[in-house]
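Examining the three-dimensional arrangement
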Amino acid sequence: MSGVGSGYDLSVTTFSPEGRVFQTEYAGKATDNGVPCVGVCCKDGAILAVEKPEETKMMLPNSNRRIFTVSRHCGMAVPGKLPDGRQIVSRAQQEAENYKRFYGETIPTKVLTDRLANFCHVFSLYWHLRPLGSAALTASFDDDGPHVYLSETNGVSYRYYGIAVGKGRQGIKTELERMKLDQMTCKEALKAVCKCLIKQRDDSSNKKFEIELAWISEETGREFVRVPADLAKECEAAAKKEIEQEEDDDSDMEG
Amino acid sequence: MIPHCQLPSHIATGPHVSPFVSHNEAGAPYGDHRSEDVHVPANPASVPFAVAPSTDKGEVAMGEPRKHTTTPYVTGNSVLAIKYKDGVLMACDMLGAYGSTKRYKSVQRIIRVNDTTIVGASGEISDFQYISNLLEELMTQDFCYDDGCTMTPSEIHAYLCRVMYNRRNKMDPLWNSLVVAGVDKNGKEGNKSFIGSVGMLGTSYTDSHVATSFGNYLSRPLFREFQRDDMSLEEAVSLMQEALRVLFYRDKTSINKFVLAKVDGEGVAISKPFALDTKWDFKAFMNPSKHAVGSW
């Protein structure tokens, strides 16, 4: 117990003298240090992408999925702690089903993400609960077009043109800001998103990785589905190639 | 009053004030408004699809079993289904009858459940709408699993059996006879057709041809004679049309507006409504009383 503010980070029910709740901030860090996730909203749909490191060589490809389907028109990527993320997803599925049963219509994305934010918020109110170490990156397509929302563990949820969370998010965000997302189709954006993800990777770690891609657009019949494996591979390869090309150009100029 | 011309008591005066209803004078706290004859249909001949007399049957009297759905209101009639070479055919008319009134004439009673399954229903339309919602929820869950496989017709049939049987055990049956038909693409020996039936009480069976309600008596004899699992689509369609025509001639709660649905390896196709050619100008119809001399 030394230094200013120390001792105030033991519970979500205690504010520090500066008015901060350290535990929720720590929980946010679980997301920040997790795998990088990107969500972008394009002209005709929305894309979610997650880059997952290969944990061990013995793991089957496509295991430990981080992109889930919530309802026909809506899907979710969960950065951070995966088990916590699955809780959010299963809650989202329940909310979507309940809304449909009660009102006979699909749940508007705003309502869904607000409810999820509330769900997360509840975990930062009681001393006997631990805040969730995950967020919910939601992509959907409803009557007024495609949406991307991020509901965070501290209970806020905002709508974005494009957003990145997890490791290397700053770099990706800068890349996203340069893109003209509202003029791109999903198919065009797919490669660009792969490129962002690969670019921000730490070159020193030669760990293998896998990019999980899912989208919802007019082309998929407004249903949230995984990007077909061959198309995903194609985009990844094209993105890698472009990055190499750029690097070559750079070194040429230097030389 | 001439005895056999008496109207049923509840039509004459309503159930509560009817002189024919014996009230429980002893003043029992529950059930004194529930007369003995409340659940006896007005006309025994019309038992299956009679519109219920107005009674307070929703309330539960002490010591009596719950009685929720004791009579259906808006009903659909026969659903027919047969297997053919590449898959299955299902057909029914589009009537939603209110008692014997032909009240709604564009009721779609065959729904597409997924790419390989259709379900048709006779009986209470609102209950079928509820079942449709259940199936839609089920399919959304299936979609969310995102595991690359969808439910097969036999799985959906099994699910509906459980739903129907569960509701009958709650003494609150869904008043339908359902037909589940489709193609199972997961089989080792290629596509496999499936037709199954589920009754109101959860009774179920599978067969090469199935019919509900009147169709059991009027269409299945035709199917038994002419249906083969290896018949062509054209043969199957004309057999189905013949069966529908017979049904339309004989069944008073049917209309000449049908839909035909098909499931094969390609997927589900449900036709637009169509009518069949009928012939009514038989000589015997010219003077109806000639051959049926009545008592008055």
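Presented here is a report on the structure given in the accompanying data block. (Residues numbered from 1 in each chain as written. Chains lettered and ligands numbered in written order. Predicted model: local features only at pLDDT ≥ 70, side-chain atom pairs only at ≥ 80, totals over all residues. Heavy atoms only, no water.)

1. Quick look at the overall build of chain B
Here is the rule: Runs of E in the DSSP output that reach at least two residues are strands. Runs of H or I that reach at least four are helices, and both are numbered from the N terminus. Accessibility here uses a 1.4 Å probe with only protein chains present; expressed as a share of the type maximum, an area under 20% marks a residue as buried, one over 50% as exposed, and anything in between as partly exposed. Only heavy atoms enter the contact rule, under which two residues are in contact if any of them lie within 4.5 Å. In this description, accessible areas are obtained by the Shrake-Rupley approach with a 1.4 Å probe, and a residue is regarded as covered only by the protein chains that are shown.
In terms of helices and strands, chain B carries seven helices and 13 strands. For chain B, the proportion of its 296 residues judged to be buried stands at 44%. In chain B, of all internal contacts separated by at least 6 residues, the share reaching a separation of at least 24 is 62%. Of the roughly 16,300 Å² of accessible surface on chain B, a fraction of 54% belongs to carbon and sulfur atoms.

2. Side note on the overall build of chain A
Applied cut-off: To get the radius of gyration, use the C-alpha atoms; to get the globule rule, take the number of residues to the power 0.38 and multiply by 2.2 Å. Here the positive residues are Lys and Arg and the negative ones are Asp and Glu; neither His nor the chain ends is included. Charged side chains are reduced to one point each, which is NZ for Lys, CZ for Arg, CG for Asp and CD for Glu.
For chain A, the helix and strand inventory stands at six helices and ten strands. Here chain A has a C-alpha radius of gyration of 19 Å; the compact-globule value for 255 residues is 18 Å, and the two agree. Principal-axis analysis of the C-alpha atoms places the extent of chain A at approximately 55 × 55 × 40 Å. Expressed as a percentage of the 255 residues in chain A, the buried residues total 46%. Relative to all contacts within chain A whose residues are 6 or more apart in sequence, the contacts with residues 24 or more apart total 64%. Surface exposure of chain A reaches about 13,600 Å², of which carbon and sulfur atoms provide 50%. Once the 34 positive and 40 negative side-chain charges of chain A are each reduced to a mean point, those two points are 5 Å apart.

3. Here we look at the pairing of strand E9 (residues 192-198) of chain B
Residues and elements named next belong to chain B. Where we set the bar: Any two strands with at least two DSSP bridges between them are considered paired.
Counting buried positions along E9 yields six of seven residues, so the element is predominantly enclosed. Strand direction decides the pairing type here: E9 and strand E10 (residues 204-206), joined by three bridges, are antiparallel. Paired with valine 198 across the strands is serine 204, a residue of E10. Connecting the antiparallel pair E9 and E10 is a turn made up of five residues, with glycine 202 showing a positive phi of about 95 degrees.

4. Observations concerning unusual backbone geometry
Of note in this structure, arginine 222 of chain A is not a glycine but carries a positive phi near 55 degrees. Following the sequence through the fold, arginine 222 of chain A ends up in the loop between strand E9 (209-217) and strand E10 (225-226). Even without being glycine, serine 213 of chain B reaches a positive phi, approximately 45 degrees. Its location among the elements puts serine 213 of chain B in the loop between strand E11 (209-211) and helix H4 (215-218).

5. Quick word on helix H3 (residues 109-122) of chain A
Residues and elements named next belong to chain A. Inclusion rule: Here a helix's expected span is defined as the number of its residues, less one, multiplied by 1.5 Å. Throughout, the arc means that of the directions going from the helix axis to the C-beta atoms.
Its 14 residues give H3 an end-to-end C-alpha distance of 20 Å, which sits within 8% of 20 Å, the value for a rise of 1.5 Å per residue. For H3, the full list of buried residues reads Thr109, Leu112, Thr113, Leu116, Ala117, Phe119 and Cys120. Buried residues along H3 cover an arc of 155 degrees about the axis, so they all sit on one side. Of the surrounding secondary structure, the elements contacted by the buried residues of H3 are strand E3 (67-71), strand E4 (74-77), helix H2 (82-103), strand E5 (136-142), strand E6 (145-151) and strand E7 (157-159).

6. Some points on the sheet that holds strand E2 (residues 79-83) of chain B
Residue and element names in this part refer to chain B. Stated formally: Axis lines are fitted through C-alpha atoms, for helices just across the contact stretch, and the angle between N-to-C directions can take any value from 0 to 180 degrees.
The five strands are arranged E11-E2-E3-E12-E13 in an open sheet whose pairing can be described as antiparallel. Both outer strands of the open sheet, E11 and strand E13 (267-270), are each paired with one neighbouring strand and no more. In this sheet, neighbouring strand axes are inclined to one another by 10 degrees on average, regardless of whether the strands run parallel or antiparallel. Bridge count for E2 against E11 is three bridges, and the pairing is antiparallel. Across the sheet, isoleucine 82 pairs through a bridge with histidine 209, a residue of E11.

7. Side note on empty space enclosed by the protein
Residue and element names in this part refer to chain B. Condition: Of the two site types, the cavity is a set of points on a 1 Å grid over the protein atoms alone where a 1.4 Å probe fits but cannot get out, and the pocket is an open set with protein on both sides within 12 Å along at least five of seven lines, each lined by residues with an atom within 4 Å of a point. Grid points are joined across faces, edges and corners, and a volume is the space filled by probe spheres set on the points. Lys, Arg, Asp and Glu make up the charged group, whereas Ala, Val, Leu, Ile, Met, Phe, Trp, Tyr, Cys and Pro make up the nonpolar group; the residues left over, Gly among them, are polar.
Counted by the stated rule, this structure contains two cavities of 30 Å³ or more. Reported here for the second largest cavity is a volume of approximately 60 Å³. Along the walls of the second largest cavity sit Asn77, Ser78, Cys92, Asp93, Arg109, Leu244, Leu247, Asp251, Ser254 and Phe258, which together make up its complete lining. Secondary-structure elements contributing two or more residues to the lining of the second largest cavity are strand E3 (87-93) and helix H6 (233-250). Per-class residue counts for the lining of the second largest cavity are four nonpolar, three polar and three charged.

8. Here we look at the side chain of threonine 152 of chain B
Residue and element names in this part refer to chain B. Mapped onto the elements of the fold, threonine 152 is located in the loop between helix H2 (125-145) and helix H3 (153-169). By relative accessible area, threonine 152 is classed as buried at 8%. The residues contacting threonine 152, other than those within four sequence positions of it, are Thr117, Asp184 and Asn186.

9. Comments concerning the interface of chain B and chain A
Worth spelling out the cut-off: Accessible surface is computed with a 1.4 Å probe, and the buried area is the amount of it that two parts give up when combined, taken over both parts together. When a carboxyl oxygen of Asp or Glu lies within 4 Å of a side-chain nitrogen of Lys or Arg, that pair is called a salt bridge. Definition of a polar contact: a pair of N or O atoms within 3.5 Å, with one able to donate and the other able to accept a hydrogen when the atoms are protein atoms, and with sequence-neighbouring residues admitted only if both atoms are side-chain atoms.
Listed per partner, the contact involves nine residues of chain B and 13 residues of chain A. Between chain B and chain A lies a buried interface of about 900 Å² when both sides are counted; carbon and sulfur atoms form 41% of it. When the buried area of chain B at its contact with chain A is split by residue, Glu137, Phe143 and Asp146 of chain B rank highest and sum to 60% of it. Here chain B and chain A share four salt bridges between them. Among the salt bridges present, the one from aspartate 146 of chain B reaches arginine 226 of chain A, with a minimum N-O distance of 3.2 Å. Taken together, the connections running from chain B to chain A amount to six residue pairs in polar contact (both at pLDDT 80 or more). By residue class, the composition of the side of chain B that touches chain A is four nonpolar, two polar and three charged.

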